[in-house]
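# Architecture at a glance
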Amino acid sequence: MADYKGVLVCGEAIEGKLAGITAEMLGGGRKLADKLGEGLAVVLLGSGVKGLAAEAIACGADKVYAVDDAVLKDYQTDAYVMAMENVVSQVAPRIVLMGQTSMGRDLAPRLAFRLKTALSMDCIELDIDPQSKQLIQTRPVYGGNARAIFTTESLPQMATVRAKAMSPLPRDDSRKGEVVDTTAGVDASKIRAKFVQKVKEEVAGVKLEEAPAVIAGGRGLGGPDGFKQLEELARLLKGAIGATRPAIDNGWVPTSIQVGLTGKIVAPELYIAIALSGSSQHMAGCSGSKTIVAINKDPEANIFREARFGIVADWKQALPPFTKKVQELLKE
Amino acid sequence: MELIVCVKQVPDPEAPPASFKVDTATNKVVPPPGVPPVISTFDETAVEAALKIKDAKGGKITVVSLGNNLVRDVVKKPLAMGADQLILLEDPAYENSDSWSTAYALSMAIKKIGSFDIIFCGRQAADWDSGQVGLGIAELLGIPSVTLAKKVESVDGKVRVERIVPDGFEVIESPTPCLITVTNELGEPRYAPLKGIMKAAKIQPVVWKPQDIGVDPSQIGASGRRTKLVKLFQPVKEGKCEMVEGENAADAAVKLALRLREAKVL
Ligand SMILES: Cc1cc2nc3c(=O)[nH]c(=O)nc-3n(C[C@H](O)[C@H](O)[C@H](O)COP(=O)(O)OP(=O)(O)OC[C@H]3O[C@@H](n4cnc5c(N)ncnc54)[C@H](O)[C@@H]3O)c2cc1C
């Protein structure tokens, strides 16, 4: 049996830059590698990704496996599983980390079953047991109502990591690392489900995941007009608008602004939750916010167990004067 | 088209968070009294996806569910919605499965079913939120997979899927047989019409025990687990909500803005 060592992060690029989640995993992975006294590597899969190697090293990687191949230009399950299988057999890492992203959600389980190893999805905390050197994997379950801690015996130990659960290291361009060109070894004739095209559905304005303030609305807003009324407040706070799932399911707002377990994960300075009940699945996407403020007409709503400040009120009566006062205060 | 849908019975995920309890001695969730279990939300959407294909192309839908103490009225819901057959992998030996042992048993049951064009699963189950079983089945059966589908169509012998990504969607084409996991963006599952409920009442589910599907007993249920649950607990909520009051809603709203300013949140 191979001697499994070190931590391997499966990196991702967004618009030619290292994805935030990859930098976060390099930060978290660095701590794990240091506890083990072993190395931290990152694998970059794609077309034209080699240019990101320096950034990955500055973010904490000791070694970069660059798998630069046109066949990996778009994410396709079969191709990426094959490439990762090759990388893992070459590197023999003790731990493999991936982001809980649309790629990680698809790639990690299929790869784990291919490698006949166990996997924990959507981890928010990872640690090393000093005795057994096992990876301690903590993940929210039951929609965020509970947390579970898992360990696994088979190697490599695999986990996906939730966005914003780990902190990136301060970027250090003087860090040294090694870049290893690695072949994908993908037989293109074995790609079955094929990528045809991508259709972008851009939302105008500030990007939800990066906004300093998020104004989130729920079922209680009653329709698309309710969401329109959040726009003024969002503009004043230079924020973005978020929504709960019922607002998406009812077609009031685009799917891309769903916040929660199966939507976006946000952690703004200020999260204003309006006419939403604060279900555990919704809170999974925003509980990392610095300050949560709630407006809800039901004093028993769960959101008041999650928020820092709140008022019990009908949003229709509360929102206009609140927005007006915020505008006055910001002018001062 | 021969369609298979895998569904899971779970404690109602929409029950109020305050009613959620964990028995830390056994590392198990205590279902809230009086709240019946449901079919996991995304699995119901998977049934809807299969029904849409059946509406367009005709065919047969077989629903498979693994568990123990499955409530008949709950697991029969897909039949009432329009599925044709229900197979239950029901036995104490299937209890405490993890993603590995669940995917293994389901893949063995699907091998026994034999021919199929598409298998549908929910993107993740509402209890453990793992999202591994569908992909595990596909890998164990050696068939292609597409996840996070918001639209599935059968076109020219291929399956055309719109797959949700953070800034829009991807179009993926897969040959059959294949496995698709679906997400709520596919649309609300249809209501079961009264006629469907009456039809479902008459259908007897087929129960397959471990020996019926030829599984290795060491690979199912708790013995087939590859993950060890060390601890299950409820996170403690620090922080208390400061309720801002006023003479009426408008007054409370103004005071809230002032309080946020004072607390340097604004
Ligand atoms: C596996 C799974 C994953 C899920 N993922 C997500 C996810 O990612 N994101 C997500 O959001 N949900 C998700 N859900 C759904 C989640 O369980 C809840 O159903 C959803 O978050 C509820 O949305 P809501 O708060 O808008 O609606 P409700 O729970 O119906 O709450 C509406 C609130 O509005 C208040 N209200 C009504 N009228 C007014 C008024 N005039 N003024 C003031 N307040 C008013 C009510 O008091 C109530 O509290 C998921 C569910 C499952 C099972």
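Refer to the preceding data block for the structure.
Residues numbered from 1 in each chain as written. Chains lettered and ligands numbered in written order. Predicted model: local features only at pLDDT ≥ 70, side-chain atom pairs only at ≥ 80, totals over all residues. Heavy atoms only, no water.

Taken together, 29 residues sit near the ligand, with R219, T244, S277 and N296 of chain A together with E14 of chain B positioned nearest. Near the ligand, the surrounding residues belong to chains A and B. Within the contact set of the ligand, a nitrogen atom lies 3.0 Å away from a side-chain nitrogen or oxygen of D314 of chain A. Between the ligand and the protein, one listed contact pairs a nitrogen atom with a backbone N or O atom of W315 of chain A at 3.0 Å. Burial of the ligand by the protein amounts to 90% of the accessible area it has alone, namely 990 Å². When residues of the shell around the ligand are traced back to their parent elements, those giving at least two are α7 (245–249) and α8 (280–283) of chain A together with α1 (41–57) of chain B. Per-class residue counts for the shell around the ligand are 10 nonpolar, 13 polar and 6 charged. (Near = heavy atom within 4 Å. Polar contact = N/O pair within 3.5 Å; in protein donor to acceptor, adjacent residues only side chain to side chain. Areas by Shrake-Rupley, 256 points an atom, 1.4 Å probe, with all protein chains shown as cover. Helix = DSSP H or I, 4+ residues; strand = E, 2+ residues; numbered from the N terminus. Nonpolar A, V, L, I, M, F, W, Y, C, P; charged D, E, K, R; others polar.)

Turning our attention to the sheet that holds strand β12 (residues 178–181) of chain A. All names here are of chain A. Taken together, the 7 strands give an open sheet; going across it, the order is β7-β11-β6-β1-β4-β5-β12, and neighbouring strands pair in parallel fashion. Here the strands that pair on one side only, and so sit at the sheet edges, are β7 (119–123) and β12. On average, each strand axis in the sheet is tilted by 20 degrees relative to the strand beside it, whichever way the strands run. Against the sheet, helix α3 (residues 77–91) makes contact with β1 (7–11), β4 (40–46), β5 (63–68) and β6 (95–99), and its axis sits at roughly 155 degrees relative to β4, the strand it touches most. Running over the sheet, helix α4 (residues 102–114) touches β1, β6, β7 and β11 (157–161) and is turned about 165 degrees from β7. (Pairing = 2+ DSSP bridges. Axes fitted to C-alpha atoms, helices over the stretch in contact; angles between N-to-C directions. Contact = heavy atoms within 4.5 Å.)

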